[in-house]
Amino acid sequence: MGGTFDPIHFGHLIAAELARTRFTLDLVIFVPTGDPPHKRCRPVSPAEHRYAMAVLATADHPLFQVSRLEMDRPGPSFSVDTLEEIRRRLGPTVDLYFITGADAISDMLTWKDPQRLVDFCHWVAVSRPGYSLQDVEAKLGDFYRRHRERFHLLEVPGIAISSTDIRERVRNGQSIRYFVPEAVRLYIQKYALYQDGQISPKVR
Ligand code: NAP
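For the structure given in this document, a descriptive report is provided here. Given the structure is predicted, the values throughout are model-derived calculations rather than measurements.

A look at the sheet that holds strand S4 (residues 97–101)
Right, so step 1: With parallel pairing, the three strands of this open sheet are ordered in space as S4-S5-S6. With partners counted over all chains shown, the strands left at the sheet margins are S4 and strand S6 (151–155), one partner each. Strand-to-strand, the axes of this sheet are offset by a mean angle of 25°, without reference to chain direction.
Right, so step 2: Summarising the sheet, strand S5 (residues 122–127) and S6 pair through five bridges and their orientation is parallel.

What follows is the structure in C-alpha cells.
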C-alpha cells in the first residue's frame, strides 16, 4: 500500500481492508513515501510524522504493517526500487499487489521504469464509485492493453475523504474528527501539523 499518507485517513484504511479481503492477501504493508519525486511543488510533512501516524492508524490490525523502507533509503523514492527490495526480502514466489490511488496509477508511464513495475506485481487502483478501469486505460493506452491482467479496480464505497481535504480542514480550524482514527487526530493536534500551510515541526 503506497502513498504519501499526509495524513493517513479512513479512506486508506478501508481500501487496504477491502483489498486484503478481495485478493486474499496475507498481509498489507503500508509504505509511506520517503522523498516523493513527484511532490516538488508542495511541502510534504517530514516522513517521521507520516510514518508515526500510519503506525498509530494501523496498530490494532494484526495483518497491517508499516514499513520504513522508503524513508530510510536516501534519495528520491521510486516505487520500482521499493518493489525490488520487497521482492528481494520476500522471495520470488510471493504474489505482490501494489495498492494505491487510481489517479496515481494512471500516471505510471511518467514513473521510473514502468515495464519493470508491471513485471514486479499486480496493480490495485483505488477509487471512488463511478470510476472505471477505462479511465486508467485512457491514460495508459497501449501499455495498459498489453498488461491488462495486471490492473485491478477497487471501488471504495461512499468515502470522499482525501488527505488534501484533511490538511485544508485543519488549516481552516474545522473538525477532522471521524475523518481519521482518533490517535491520528490527536497526533496532528499535538504536533500542530498542517497549520498555516507551514512544513510541520520535527518529531521530538
Ligand atoms: P498522490 O498523487 O498523492 O495521490 C493520487 C490520488 O490517489 C489521491 O487522490 C490520493 O488520495 C490517492 N491515494 C494515494 N495513495 C492512496 C492509497 N494508498 N489508497 C487510496 N488512495 C490513495 O499519490 P501518492 O500518494 O504521492 O503516490 C501513490 C504511490 O505511488 C506512492 O507509493 C508513490 O511512491 C508512488 N509513486 C511513485 C512514483 C515513481 O516511482 N516515480 C511517482 C509517483 C507516485 P489521498 O491524497 O487522500 O491519499
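Some details on the site of the ligand
Right, so step 1: By nearness alone, 23 residues border the ligand, and Thr4, His9, His12, His38 and Lys39 come closest of all.
Right, so step 2: Contacts to the ligand include His9, whose side-chain N or O atom sits 2.7 Å from an oxygen atom.
Right, so step 3: Here an oxygen atom of the ligand sits 2.8 Å away from a polar atom, N or O, in the main chain of Ser79.
Right, so step 4: If the ligand stood free it would expose 860 Å²; the protein chains cover 85% of that surface.
Right, so step 5: Secondary-structure elements contributing two or more residues to the shell around the ligand are strand S1 (2–3), S4 and helix H5 (102–106).
Right, so step 6: A per-element tally of the shell around the ligand places S4 first, with four residues.
Right, so step 7: Within the shell around the ligand, the residues separate by chemical class into eight nonpolar, 12 polar and three charged.

Quick notes on the packing of aromatic side chains
Right, so step 1: Overall, the coordinates contain seven aromatic pairs when judged by the stated rule.
Right, so step 2: Arranged with centres 5.9 Å apart and planes meeting at 55°, the rings of Phe5 and Phe30 form a pair that is tilted. In this pair, Phe5 sits in the loop between S1 and helix H1 (10–22) while Phe30 sits in strand S2 (residues 28–32), placing the two residues 25 residues apart along the sequence.
Right, so step 3: Given the relative accessible area of 3%, Phe5 is considered buried.
Right, so step 4: Through a chain of ring-to-ring contacts, three or more aromatic side chains come together here, namely Phe5, Phe30 and Phe64.
Right, so step 5: In this structure, Arg68 packs its charged tip against the face of Tyr51, placed 4.9 Å from the ring centre.

Cut-offs used in this document
Residues numbered from 1 in each chain as written. Predicted model: local features only at pLDDT ≥ 70, side-chain atom pairs only at ≥ 80, totals over all residues. Heavy atoms only, no water. Pairing = 2+ DSSP bridges. Helix = DSSP H or I, 4+ residues; strand = E, 2+ residues; numbered from the N terminus. Axes fitted to C-alpha atoms, helices over the stretch in contact; angles between N-to-C directions. Near = heavy atom within 4 Å. Polar contact = N/O pair within 3.5 Å; in protein donor to acceptor, adjacent residues only side chain to side chain. Areas by Shrake-Rupley, 256 points an atom, 1.4 Å probe, with all protein chains shown as cover. Nonpolar A, V, L, I, M, F, W, Y, C, P; charged D, E, K, R; others polar. Phe/Tyr/Trp six-rings, centres within 6.5 Å; stacked < 30°, edge-to-face > 60°. Buried < 20%, exposed > 50% of the residue type's maximum accessible area, 1.4 Å probe, protein only. Lys NZ or Arg CZ within 6 Å of the ring centre and 35° of its normal.

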